[in-house]
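Single-letter residue listing:
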Amino acid sequence: MQHVNPFYTTNNIPSRYFCDRAQETETLVRSVTNGNNMVLMSPRRMGKTGLINHVFTDKRIGKEYNCCFIDIYDTSSLQEFTFRLGQEVFRRQSAGGIRKGARFLEVLKSIRGEFSYDPATLGPKFALSLGQIQQPLRTLEEILQFMESSSKPWLVAIDEFQQIGKYDEKNMEALLRTRFQRLANVTFIYSGSERHLLGQMFSSAARPFYMSTGTLELKPIDRDKYVEFARRQFRNAGKSITKDAVEGLYDLMEGYTFFMQKTLNEVFASTEKGGDAGQIEVFAAMEYLLDTADTTYRNILAGLSKGQRTVLSTIAVDGHAENILSQSYISRHYLGAASSVQAAVRSLLAKQLISRDADTYFLDDKYLELWIRRCYGISLEESWVERWQD
Ligand SMILES: Nc1ncnc2c1ncn2[C@@H]1O[C@H](COP(=O)(O)OP(=O)(O)OP(=O)(O)O)[C@@H](O)[C@H]1O
Ligand SMILES: [Mg+2]
C-alpha cells in the first residue's frame, strides 16, 4: 500500500482523513434534500471547500444529485460566470457518457456550432473561448433550462459568491435571483469568505437575495474533536503526539483548519514510525515551515507600500486589531494620518492579506502572522504561551 500522510492540505480528502463536521454536513444535506438554498460563510482556510466536497460524496447527495462546483473568485462578468458554469455542467454531464455531454451542447442554441469535437475521443469538447459567448444571459438561461429539465436534480455550489457584487454588470444580484428562484430542480450552495459582502447580500432587506436562503457559518472544528482526530492519525500509523502539543497548536492557529493541517502534515512526516512527537517537534516543524516561506513572505512585504507594511505588521503583532481606524488606535501605534491608514487597510483587504469581521481586522495567513511576529522579536514560543488556553 502506498504510504499516505493523513494530514491533507488539499481538498478531496478521503472521508477517513476528514475531521468531524458531522453537524455541518447534516445541516447542508438536510437543506439541500429539502430544496433549500444555503449560504456557507467562514473566514479563509477554515474548510468551506472541503466541507462542500465532503457533502458531495455523502450518499444522500452524491448518488441522487448532479453535483457541480464553481469558484468564481477570478471572474468579473456575467460572460465569465456563464462560461464557468457551462464548462462545469458540461464536465459533469460528460462524466455520464459522451452522449450526455453532446445532449447538453445541443441545448445551447445561442452558441450552436461553436463547439468542436475531440478527435481523440470522438466526443464533444467544450472548446469554446470566452468571447464566443456573445449573449451571456441567453446562454445562461439555456444552461439553467437544461438543468431544470434533467431527470436528476442538480446541486450547484458557487464558491466566492460575493464576487458577483463586483461584476461589470451592476444588476447581477437581481438578474441571478430572478432566474435562480424559478428553478425547482436546482439547489444552490453559495459560499464565500468575505463576510461583510456576503452578509449584506443575503441579510439586507434591500437586496435581491434577502431571505432567500438559510445560513451556515462555519466555525473552527471543535478543539477536543480535532485533538482526538490528530492523535488518532498518529496512533494509526504507529506514532504518537502529545495532547498538549495538539492543543497548543490549535490555540496558536485559532482553530484554522488549514494551518493546523499544514503543521501536522510536517510533524507527521518528520516523526519516524514508533516515534513520539511533542511541543518541541511541533516548534521544529513550524520553524521549518516559516523558513521555507521566507522568500515568499519577503516578496509579499516588498510589494507593499511602507504604510501598508506598517499597518500589516501592527495587525500581525496585535493578532486581532480592533477599531484600527479610531484615533486612539492610530496614535497608540504611531500610524500617522487616519486617511492613509484607511487607504492601507483598504488595499490590504483587496490583496486578501487581511480580513475583517465587524470592527476587527486580522491576517488571513496565520503563518505570515507568525513570521511577521518573529521579525519583531516575538518568538514562536512566546506566541504559543500567549495564546495557549490550557
Ligand atoms: N474537516 C477537515 N478535516 C481535515 N482537513 C480539513 C478539513 N476541512 C478542511 N481541511 C483542510 O484545510 C484546508 C483548508 O480548507 P478549505 O480549502 O476547505 O478552506 P476554505 O474555507 O475553502 O478556504 P478558502 O477561503 O481559502 O477557499 C484544506 O487544505 C483541507 O485540506
Ligand atoms: Mg475554498
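Reading the values: rules and limits
- Residues numbered from 1 in each chain as written.
- Chains lettered and ligands numbered in written order.
- Predicted model: local features only at pLDDT ≥ 70, side-chain atom pairs only at ≥ 80, totals over all residues.
- Helix = DSSP H or I, 4+ residues; strand = E, 2+ residues; numbered from the N terminus.
- Rg over C-alpha atoms; globule rule 2.2 N^0.38 Å.
- Buried ≥ 20, exposed ≤ 12 C-beta atoms within 10 Å, placed from the backbone.
- Contact = placed C-beta atoms within 7 Å.
- Pairing = 2+ DSSP bridges.
- Axes fitted to C-alpha atoms, helices over the stretch in contact; angles between N-to-C directions.
- Core = buried A, V, L, I, M, F, W, Y, C linked by C-beta atoms within 7 Å.
- Domains from an automatic or database assignment.
- Near = placed C-beta within 6 Å.
- Nonpolar A, V, L, I, M, F, W, Y, C, P; charged D, E, K, R; others polar.
- Expected span 1.5 Å × (residues − 1).
- Parallel < 35°, antiparallel > 145°, perpendicular 65-115°, else oblique.
- Left-handed = near helix turned anticlockwise from the far one by under 90°.

## Describing the overall build of the protein
Next, step 1: A count of helical and extended segments in the protein gives 18 helices and 12 strands.
Next, step 2: Relative to a compact globule of 390 residues, whose C-alpha radius of gyration would be 21 Å, the protein shows 23 Å and is just as compact.
Next, step 3: Along the first, second and third principal axes, the C-alpha atoms of the protein reach 65 × 60 × 40 Å.
Next, step 4: Expressed as a percentage of its 390 residues, the buried residues of the protein come to 34%.
Next, step 5: For the protein, contacts bridging at least 24 residues in sequence account for 70% of all contacts bridging at least 6.

## So, the sheet that holds strand β10 (residues 321-322)
Next, step 1: Spatially, β10-β12-β11 is the arrangement adopted by the 3 strands of the open sheet, whose pairing is antiparallel. One side of each edge strand has no neighbouring strand; the edge strands of this open sheet are β10 and β11 (354-357).
Next, step 2: Pairing of β11 with strand β12 (residues 360-363), which is carried by 4 bridges, proceeds in the antiparallel orientation. Paired with Asp357 across the bridge in β12 is Thr360.
Next, step 3: The sheet strands contacting helix α14 (residues 306-318) are β10, β11 and β12, and the helix crosses β12 at an angle near 95 degrees.

## Brief notes about the sheet that holds strand β6 (residues 186-192)
Next, step 1: As summarised here, the arrangement of the 5 strands in space is β2-β5-β6-β1-β7, forming an open sheet in which the pairing is parallel. In this open sheet, the two edge strands, each paired with only one partner strand, are β2 (66-71) and β7 (214-217). Sheet twist, expressed as the average angle between the axes of neighbouring strands with direction ignored, equals 15 degrees.
Next, step 2: Sitting on the sheet, helix α8 (residues 195-203) touches β1 (38-41), β6 and β7, and the angle it makes with β1 is about 160 degrees.

## Some points on the nonpolar core
Next, step 1: Ranked by size, the top nonpolar core spans 46 residues in total, and within it Tyr226, Ala230, Leu249, Met260 and Ile315 carry the most contacts.
Next, step 2: Of all the secondary structure elements, the ones that give two or more residues to this core are α9 (223-236), α10 (243-252), α11 (257-270), α12 (279-292), α14, α16 (338-350), β12 and α17 (366-375).
Next, step 3: Here this core spans two domains, since at least three of its residues come from each of domain 2 (223-292) and domain 3 (305-387).
Next, step 4: In contact with Tyr226, other than residues within four places in its own chain, are Cys19, Ile221, Tyr250 and Met260.
Next, step 5: Residues Val32, Leu40, Val55 and Phe202 belong to the second largest nonpolar core, which totals 42 residues.

## Some details on the domain arrangement of the protein
Next, step 1: By the assigned domains, the protein splits into domain 1 (21-217), domain 2 (223-292) and domain 3 (305-387).
Next, step 2: Taking only C-alpha atoms into account, the centre of domain 1 sits 36 Å from that of domain 2.

## Description of the site of ligand 1
Next, step 1: Near ligand 1 there are 20 residues, and of these Cys19, Gly47, Lys48, Thr49 and Gly50 occur at the shortest range.
Next, step 2: Its residues assigned to classes, the shell around ligand 1 shows 6 nonpolar, 10 polar and 4 charged.
Next, step 3: When residues of the shell around ligand 1 are assigned to domains, at least three map to each of domain 1 (21-217) and domain 2 (223-292).

## Regarding the environment of Val186
Next, step 1: Tracing the chain through its elements places Val186 in strand β6.
Next, step 2: It is 30 Å that separates the C-alpha atoms of Val186 and Thr257, two residues lying 71 residues apart in sequence.
Next, step 3: Not counting chain neighbours up to four residues away, the residues in contact with Val186 comprise Leu144, Met147, Glu148, Pro153, Trp154 and Val156.

## Brief notes about unusual backbone geometry
Next, step 1: Of note, the phi angle at Glu254 is positive, near 50 degrees, even though the residue is not glycine.
Next, step 2: Structurally, Glu254 is set in the loop between α10 and α11.
Next, step 3: Overall, Glu254 belongs to the partly exposed group, with 17 C-beta atoms counted inside 10 Å.
Next, step 4: Its identity as a non-glycine residue notwithstanding, Tyr334 has a phi of 50 degrees, on the positive side.
Next, step 5: As for its position among the elements, Tyr334 is in the loop between α15 (327-332) and α16.
Next, step 6: In this structure Tyr334 comes out as exposed when scored by C-beta crowding, with 8 C-beta atoms within 10 Å.

## Looking at α12
Next, step 1: Between its first and last C-alpha, α12 extends 20 Å over 14 residues, near the 20 Å set by a 1.5 Å rise per residue.
Next, step 2: Those residues of α12 hidden inside the fold are in contact with α10, α11, β9 (276-277) and α18 (380-387).

## Brief notes about the environment of Ser355
Next, step 1: Relative to the helices and strands, Ser355 is located in strand β11.
Next, step 2: Distance from Ser355 to His196, taken between C-alpha atoms, is 9.8 Å for residues 159 residues apart in sequence.
Next, step 3: Setting aside residues up to four positions removed in sequence, Ser355 forms contacts with Pro43, Arg44, Phe362 and Asp364.

## Quick notes on the packing of α11 against α12
Next, step 1: Running from amino to carboxyl end, α11 crosses α12 at an angle of 115 degrees, the nearest separation of the two axes being 9 Å. Classified by the interaxial angle, the pair formed by α11 and α12 is roughly perpendicular. When the axes of α11 and α12 are compared, the crossing they make is right-handed. Along the contact surface, α11 presents Lys262, Thr263, Glu266, Val267 and Ser270, while α12 presents Glu281, Val282, Ala285, Met286, Tyr288 and Leu289.

## Focus: the packing of helix α4 (residues 78-94) against helix α5 (residues 98-107)
Packed helix pairs are specified by the crossing angle of their axes together with the interaxial distance, meaning the distance between the axes.
Next, step 1: For the pair α4 and α5, interaxial distance at closest approach is 7 Å and the crossing angle is 150 degrees. Compared by their axis directions, α4 and α5 come out roughly antiparallel. Of the residues in α5, those in contact with Val89, Phe90, Gln93 and Ser94 of α4 are Ile98, Lys100, Gly101 and Phe104.
Next, step 2: Among the residues forming the contact of α4 with α5, the class breakdown is 4 nonpolar, 3 polar and 1 charged.

## Notes on the environment of Gln342
Next, step 1: Topologically, Gln342 is positioned in helix α16.
Next, step 2: Along the primary structure Gln342 and Leu325 are separated by 17 residues, whereas in three dimensions their C-alpha atoms are 6.6 Å apart.

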